[in-house]
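Report on the structure
One letter stands for each residue in the lines below.
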Amino acid sequence: MVMQIDNVSAPSLTIPSVSQEDAVPPPPTGDVTSKVSPWLAPMAYFLGLRVVLPLYFGKITASGQENLPTTGPVILAPTHRSRWDAIVIPAVTGRGVTGRDLRFMVSENEASGLQGWFVRRLGGFPVNTDRPSISTLRHGVDVLLQREMLVIFPEGNIFRDGSLHPLKPGLARLALSAESTHPGLNVKIVPIGLSYSQSFPQQGCDVCIQIGAPINAIDYNQGSIKQNAKQLTNDLATVLESLSTNCVNRSQKAEN
């Protein structure tokens, strides 16, 4: 199935009153948390789908959206090619498609400054991609236990050369940790290939998103978590390589 971004339904722009808790974030306690603002989220989805993406990009093509689970704990595992990914991914997988808000595990630099203000109110929380803290991983597991949809960029950082880079082991370890400590949780990992027709997306460039079939974490839940995580990471990389290559080829054709 191929869908244009214009066919994704935008949520109605009904904004609840702003609570004091939402307007002023609580002081840091050392624990990692995330939340989706009840007033900012609908506004962000509406503006992203109906204003920002249509005005900035040319053709946005998403295929495989039938592979997105509408219930249960899900990890979305996209390739990471631009800061625009944080807007494109929700547009093709979030409220307008699955009826679900997303949580994001983002690099620490993406959770700072003005961007960080929005990220933290739209489901994002920071992670040190080289040395993830225990509290970050624990919160990731908590998100899955709440049967939410969590976005983790398995490459860890943005890469603009169109090639798949080695995946960090954290995604697989988090999924298997949640599955092993809560049997029957049934975590699904959805690989997503994402590509732009330009390395540094400029106005008018095209976007390709290919969503693969879910990988079931429970299929890797026998024996050593370390070895299972390595196998899961390898299998995810194989699928992402295929999806990414297909997207890059489409993007290059669009550019030519």
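See the structure shown above.
Below or above, wherever it landed, is the structure these notes cover. Just so it is clear, the model here is predicted, and its values are computed rather than measured. (Residues numbered from 1 in each chain as written. Predicted model: local features only at pLDDT ≥ 70, side-chain atom pairs only at ≥ 80, totals over all residues. Heavy atoms only, no water.)

Notes on the side chain of R103
Residue placement: R103 occurs in strand β4 (residues 102–107). Side chain to side chain, R103 and S34 meet in a polar contact 2.7 Å long. When neighbours within four sequence positions are excluded, R103 is seen to be in contact with S34, K35, V36, G123, H139, V143, Q146, E148, M149, L150 and V151. (Helix = DSSP H or I, 4+ residues; strand = E, 2+ residues; numbered from the N terminus. Polar contact = N/O pair within 3.5 Å; in protein donor to acceptor, adjacent residues only side chain to side chain. Contact = heavy atoms within 4.5 Å.)

Side note on the packing of aromatic side chains
Taken as a whole and assessed by the stated rule, the structure comprises five aromatic pairs. Geometrically, the ring pair formed by Y56 and F57 is edge-to-face, given 5.1 Å between the ring centres and 75 degrees between the ring planes. The interplanar angle of 75 degrees and the centroid separation of 5.0 Å between the aromatic rings of F57 and W84 together place this pair among those described as edge-to-face. Remark: W84 occurs in the loop between β3 (74–78) and α3 (85–93) and F57 occurs in the loop between α2 (40–56) and β2 (60–63); sequence separation between them is 27 residues. The residues F57 and W84 share a single accessibility class, namely buried. Aromatic rings pair up to connect Y56, F57, W84 and Y196 into one cluster. (Phe/Tyr/Trp six-rings, centres within 6.5 Å; stacked < 30°, edge-to-face > 60°. Buried < 20%, exposed > 50% of the residue type's maximum accessible area, 1.4 Å probe, protein only.)

With respect to the pattern of salt bridges
Under the definition given, this model contains three salt bridges. Notably, a salt bridge pairs R81 with E155, separated by 3.0 Å at the nearest N-O pair. Remark: E155 occurs in the loop between β6 (149–152) and α7 (170–181) and R81 occurs in the loop between β3 and α3; sequence separation between them is 74 residues. On the accessibility criterion, R81 (5% relative accessible area) is buried. Note that E148 is salt-bridged to R103, the shortest N-O span being 3.8 Å. Separated by 45 residues along the polypeptide, E148 in the loop between α6 (134–145) and β6 and R103 in strand β4 bring together distant segments of the chain. (Salt bridge = Lys/Arg side-chain N within 4 Å of Asp/Glu carboxyl O.)

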